[in-house]
Amino acid sequence: MGYYDQDYEHKNGKQKGNRNGSLLAGFLGAVLGALLVIFSLPALANLDILPYDFNIGAKDVAEEGANLEDRIQQGDMKTVNIDVHTAVTKAVDEVSDTVVGVVNIQEVGFWNQSQTSEAGTGSGVIYKKEGGNAFIVTNHHVVEKASELEVVLSDGTRVPAELVGSDELTDLAVLTIDASKVKKVAEFGNSDQVKAGEPVLAIGNPLGLQFAGSVTQGIISGIERTVPIDLNQDGVADWQTEVLQTDAAINPGNSGGALVNLDGKVIGINSMKIAQSAVEGIGLAIPINDAIPIISSLEKYGEVKRPYMGVSLQSLGDIPSYYWTEALHLPEDVQEGVVIMEVEPASPAARAGLKEKDVIVELAGEKVTNLLDLRKQLYSHKVGDTIKVKYYRNGKLESTTIKLSEQSSF
């Protein structure tokens with residue numbers, strides 16, 4: 001009772017047969033094409049139609065290897081050897097064992113009981129061995145207020161240290177340790193010959209002894225930079241330190257470490273870092289040529305003996321301009337100098353005839369513009385030197401000579 005379509009079955013069967021035949025024909029064609037390509041490649045290569053040689057066998061490969069080796073030996077081809085011993089690594093090898101850690105140990109007391117603890121760590125540089133002792137230069141602020149000091153050598157050995165002397169003004173200090181375990185000392189370079197752009201390395205212990213012997217690389221960013229120093233934290237600069245500026249990373253703990261040139265010579269003692277949020281890559285170091293006479297004085301005397309005048313001074317620029325004419329009687333064209341506020345009895349200044357309200361404008365032939373300038377000129381001389389002073393008194397320019405004597409301040 002169903003409906004049967006003979007045409008449908010006939011057509012359907014015919015379509016299946018055609019489709020199977022097409023697939024078989026395509027497969028055979030692909031096989032024949034592949035065989036044709038395979039057998040024709042050598043012939044095409046022999047005719048130089050193809051850029052490759054398909055007839056290379058194992059023997060040919062061996063011959064090519066032998067030819068390559070011959071060409072290398074004859075100098076036709078060069079091999080490249082990578083040498084990791086660069087100028088930087090040589091400089092580090094030269095000085096790294098001379099850079100040490102300095103541990104500041106202070107007493108801490110509670111309820112009439114006291115104990116010692118590490119108050120901080122910094123770095124130092126071994127620069128001399130003499131008489132069974134090794135001498136180390138570091139920063140004053142690294143050893144300040146220490147009741148005990150320890151030095152950690154490059155191999156981790158801890159040895160007790162003695163403070164020879166310290167100078168707050170230049171932020172330098174000298175320590176000594178037993179030299180028996182010291183194998184190497186640093187060599188000082190010439191910081192006067194340093195140029196901007198010269199590569200340098202900073203070696204020290206940033207962030208503590210766990211990063212001991214860290215090396216950072218940079219360049220000299222600037223020379224003869226001056227940084228004001230406020231020693232008593234009263235908001236008024238007491239001194240200007242001349243420093244080298246570098247972009248080599250200098251972090252807390254690097255203080256007292258070495259700034260080294262590529263000859264492996266120490267050209268500066270890392271001292272401080274400008275650590276403002278908007279400032280990066282500004283590290284500062286005390287030029288070694290400035291440090292050497294301070295180090296020598298600390299070794300010899302335990303302090304830096306500076307000349308003093310025996311006066312209390314104030315920069316003219318810090319005094320209201322009203323008093324320039326009314327109290328000091330200065331000519332209108334005099335706008336720089338240092339005012340004597342008080343003279344100590346029997347002091348070098350008193351013996352030279354200097355008085356209160358005199359305005360010093362020249363010292364030893366050098367112009368004096370402010371208190372920092374005068375102090376820098378004064379400290380460039382030695383105790384016992386006699387220098388010429390030019391000053392204004394009651395509107396007149398006068399001069400006198402002053403023989404400098406010794407005192408820790410003036």
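Everything numeric here is computed off the predicted structure, so don't read it as measured data.

1. Observations regarding the overall build of the chain
When you go through the chain residue by residue, the secondary structure sums to 8 helices and 20 strands. Pairs at least 24 residues apart make up 60% of the contacts formed inside the chain by residues separated by at least 6 positions. Carbon and sulfur atoms make up 50% of the accessible area of the chain, which amounts to about 24300 Å² in all.

2. Some details on the pairing of strand E10 (residues 258–261)
Of the two faces of E10, the one holding Ala258 and Val260 and the one holding Leu259 and Asn261 are both buried throughout. By the bridge criterion, 4 bridges tie strand E7 (residues 199–204) to E10 in an arrangement that is antiparallel. The residue bridging Ala202 from the neighbouring strand is Leu259, located in E10.

3. A few points about helix H5 (residues 288–301)
When the terminal C-alpha atoms of H5 are compared, their 20 Å separation across 14 residues agrees well with the 20 Å that a helix rising 1.5 Å per residue should span. All of the buried residues in H5 are Ile288, Ala291, Ile294, Ile295, Ser297 and Leu298. One or two positions beyond H5, positive phi appears at Gly302, with a value near 80 degrees.

4. Quick look at the nonpolar core
Within soluble globular proteins, side chains that are nonpolar generally end up buried alongside one another. Ranked by internal contacts, the top residues of the largest apolar core, which has 26 residues, are Met309, Leu313, Ile360, Leu363, Leu374, Leu378 and Ile402. Broken down by secondary-structure element, the contributors of at least two residues to this core are strand E8 (214–229), strand E9 (239–246), strand E14 (311–315), strand E15 (338–343), strand E16 (359–363), helix H8 (371–378) and strand E18 (386–393). Those residues within four positions of Ile360 in sequence are excluded, and the remaining contacts are Met309, Gly337, Val338, Ile340, Val368, Leu374, Val389, Lys390 and Tyr391. Listed in part, the 21 residues of the second largest apolar core include Val95, Phe135, Val137 and Ile288.

5. With respect to the pattern of salt bridges
Evaluated as defined, the whole model comprises 11 salt bridges. A salt bridge links Glu150 to Arg158; the shortest N-O distance between them is 2.8 Å. With relative accessibility at 23%, the residue Glu150 sits in the partly exposed group. Here Lys390 and Glu362 are joined by a salt bridge, their closest N and O atoms 3.9 Å apart. Residue Lys390 is found in strand E18, and its partner Glu362 is found in strand E16; the two are separated by 28 residues along the sequence. Here the residues in one salt-bridge network are Glu118, Glu150 and Arg158, joined through shared partners.

6. Some words on the packing of aromatic side chains
Summed over all chains, the structure comprises 3 aromatic pairs. Geometrically, the ring pair formed by Tyr127 and Phe135 is tilted, given 6.3 Å between the ring centres and 50 degrees between the ring planes. Between Tyr127 and Phe188 the ring centres are 5.7 Å apart and the planes differ by 25 degrees, which places this aromatic pair in the stacked class. Of this pair, Tyr127 sits in strand E2 (residues 113–130) while Phe188 sits in the loop between strand E6 (172–178) and E7, and the two are 61 residues apart along the sequence. Since its relative accessible area comes to 24%, Phe188 is described here as partly exposed. One aromatic cluster is present, formed by Tyr127, Phe135 and Phe188 through successive ring pairs. The ring of Phe135 carries Lys128 above its face, with NZ or CZ at 4.7 Å from the centroid. We note Arg306 situated over the ring of Tyr379; from NZ or CZ to the ring centre the distance is 5.3 Å.

7. Some words on the side chain of Arg306
Inspection of the secondary structure puts Arg306 in the loop between H5 and strand E13 (307–308). Of the polar contacts made by the side chain of Arg306, one reaches the side chain of Asp167; its length is 2.7 Å.

8. Looking at the pairing of E6
Taken across its 7 residues, E6 has 6 buried, putting it largely inside the fold. Of the pairings in the sheet, the one linking strand E3 (residues 133–138) to E6 comprises 6 bridges and is antiparallel in character. Counterpart to Phe135 in the pairing with E6 is Thr176. Relative to E6, strand E5 (residues 158–167) runs antiparallel, the two being bridged by 5 bridges.

9. What to know about a negative patch on the surface
Taken together, the side chains of Asp93, Glu94, Asp97 and Asp155 make up a negatively charged region of the molecular surface. Within the secondary structure layout, Asp155 lies in the loop between strand E4 (148–152) and E5.

Rules of the game
Residues numbered from 1 in each chain as written. Predicted model: local features only at pLDDT ≥ 70, side-chain atom pairs only at ≥ 80, totals over all residues. Heavy atoms only, no water. Helix = DSSP H or I, 4+ residues; strand = E, 2+ residues; numbered from the N terminus. Contact = heavy atoms within 4.5 Å. Areas by Shrake-Rupley, 256 points an atom, 1.4 Å probe, with all protein chains shown as cover. Buried < 20%, exposed > 50% of the residue type's maximum accessible area, 1.4 Å probe, protein only. Pairing = 2+ DSSP bridges. Expected span 1.5 Å × (residues − 1). Core = buried A, V, L, I, M, F, W, Y, C linked by side-chain atoms within 4.5 Å. Salt bridge = Lys/Arg side-chain N within 4 Å of Asp/Glu carboxyl O. Phe/Tyr/Trp six-rings, centres within 6.5 Å; stacked < 30°, edge-to-face > 60°. Lys NZ or Arg CZ within 6 Å of the ring centre and 35° of its normal. Polar contact = N/O pair within 3.5 Å; in protein donor to acceptor, adjacent residues only side chain to side chain. Patch = residues over 30% accessible without salt bridge, like charges linked within 9 Å, V, L, I, M, F, W, Y side chains within 5 Å. Lys, Arg positive; Asp, Glu negative; His and termini not counted. Charge placed at Lys NZ, Arg CZ, Asp CG, Glu CD.

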